[in-house]
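# What the coordinates show
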There are 2 protein chains.
Amino acid sequence: MTITHEAGERLMTPGEVAAMFRVDPKTVTRWASAGRIGSIRTPGGHRRFRESEVRTLLDGLTSEAHR
Amino acid sequence: MTITHEAGERLMTPGEVAAMFRVDPKTVTRWASAGRIGSIRTPGGHRRFRESEVRTLLDGLTSEAHR
DNA sequence: CTGTACTGGGGTAATTTGGGAG
DNA sequence: ATTGTCCAAATTACCCCAGTAC
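No experiment lies behind these values; they were computed from the predicted model shown.

### What to know about the packing of aromatic side chains
Residue and element names in this part refer to chain A. The full count for this structure, using the stated rule, is two aromatic pairs over all chains. Between Phe-21 and Trp-31 the ring centres are 5.1 Å apart and the planes differ by 80°, which places this aromatic pair in the edge-to-face class. Note that Phe-21 is positioned in helix H1 (residues 14-21) and Trp-31 in helix H2 (residues 25-33), a separation of 10 residues in sequence. Judged by its relative accessible area of 23%, Trp-31 falls in the partly exposed class.

Quick look at the structure:
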């Protein structure tokens, strides 16, 4: 069957992710730059985030453990 | 792996490519015009994109996991 | 040939990017 | 150390309508 790779993921824009976390889009950009959240870029250089990963991160916030 | 011409290459419409990158179909058209992505024109002038190239693009532009 | 959906081109807002400073 | 804001430039999104795809 088909290898569900990146291609099958729903992607989100920086603004959408920012709205979910209630932070500034710039902050999301920094998370991406720091490698805290995976991101893929359009040929034009804009970032897109995987919806599944965003949700995972949001889940992780609930039972946070402050390493 | 080079710029080979595969006979059984599956082609994608601008709308399909746009959905994968989470962008507007017009944006994909701009990428083609700018030469950022290879495109093939139908006799009617509509663009078609190679699926292999699109996936390679998605894969290659997947930058994350830094630390 | 008819009909629906999608695409191409142009033009104009909105979003995103990157750096710098608070 | 993390975040929010300011700036200029680039990329992208949405509007129109005629033509193509099937």
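This is not the end of the story, as more comes after the structure.
### Quick notes on the protein's contact with DNA strand C
The environment of DNA strand C is formed by 20 residues, the closest being A:Gly15, A:Arg41, A:Arg47, B:Lys26 and B:Arg47. In the interface set of DNA strand C, defined as its atoms within 4 Å of the protein, sugar plus phosphate atoms amount to 63%. Secondary-structure elements contributing two or more residues to the surface near DNA strand C are H1 and H2 of chain A together with helix H1 (14-21) and helix H2 (25-33) of chain B.

### Quick notes on the sheet that holds strand E2 (residues 40-41) of chain B
Residue and element names in this part refer to chain B. Spatially, three strands are ordered E1-E3-E2 in an open sheet, and the strand pairing comes out antiparallel. The open sheet has two edge strands, strand E1 (11-12) and E2, and neither has a second partner. Here E1 pairs with strand E3 (residues 47-50) via two bridges, running antiparallel. Residue pairing across strands places Met-12 opposite Phe-49, the latter belonging to E3.

### Focus: H1(A)
Residues and elements named next belong to chain A. For H1, the set of buried residues is Pro-14, Val-17, Ala-18 and Phe-21. Take H1 and look down its axis: the buried residues cluster within an arc of 100°, on one side only. Following H1 by one or two positions, Arg-22 adopts a phi angle in the positive range, close to 60°.

### With respect to the packing of H1(B) against H2(B)
All names here are of chain B. For the pair H1 and H2, the least separation of the axes is 8 Å and the interaxial angle reads 100°. Classed by the angle they form, the pair H1 and H2 counts as roughly perpendicular. Within the contact between the two elements, H1 uses Pro-14, Gly-15, Val-17, Ala-18 and Phe-21 and H2 uses Pro-25, Val-28 and Trp-31.

### What to know about the UniProt feature "domain: Helix-turn-helix" (unreviewed entry) in chain A
With numbering aligned to this structure, UniProt lists the feature "domain: Helix-turn-helix" (unreviewed entry) at residues 11-59 of chain A. Along residues 11-59 of chain A, the helical share is 53% and the strand share 18%, with 18 Å between the first and last C-alpha atoms.

### Details of the protein's contact with DNA strand D
The full set close to DNA strand D counts 20 residues, and A:Thr27, A:Arg30, B:Asp24, B:Thr27 and B:Thr42 are the nearest of them. For DNA strand D, the fraction of atoms within 4 Å of the protein that belong to sugar or phosphate moieties is 70%. Within the contact set of DNA strand D, a phosphate oxygen lies 3.2 Å away from a backbone nitrogen or oxygen of A:Asp24. At a separation of 3.1 Å, a phosphate oxygen of DNA strand D approaches a polar backbone atom of B:Gly44. Of all the secondary-structure elements, those providing two or more residues to the surface near DNA strand D are H2 of chain A together with H2 of chain B. It is H2(A) that contributes the most residues to the surface near DNA strand D, four residues altogether. Partitioned by chemical class, the residues of the surface near DNA strand D number four nonpolar, eight polar and eight charged.

The rules we used
Residues numbered from 1 in each chain as written. Chains lettered and ligands numbered in written order. Predicted model: local features only at pLDDT ≥ 70, side-chain atom pairs only at ≥ 80, totals over all residues. Heavy atoms only, no water. Phe/Tyr/Trp six-rings, centres within 6.5 Å; stacked < 30°, edge-to-face > 60°. Helix = DSSP H or I, 4+ residues; strand = E, 2+ residues; numbered from the N terminus. Buried < 20%, exposed > 50% of the residue type's maximum accessible area, 1.4 Å probe, protein only. Near = heavy atom within 4 Å. Pairing = 2+ DSSP bridges. Arc of directions from axis to C-beta. Axes fitted to C-alpha atoms, helices over the stretch in contact; angles between N-to-C directions. Parallel < 35°, antiparallel > 145°, perpendicular 65-115°, else oblique. Contact = heavy atoms within 4.5 Å. UniProt positions renumbered as here; feature names shortened; annotations may be inferred. Polar contact = N/O pair within 3.5 Å; in protein donor to acceptor, adjacent residues only side chain to side chain. Nonpolar A, V, L, I, M, F, W, Y, C, P; charged D, E, K, R; others polar.

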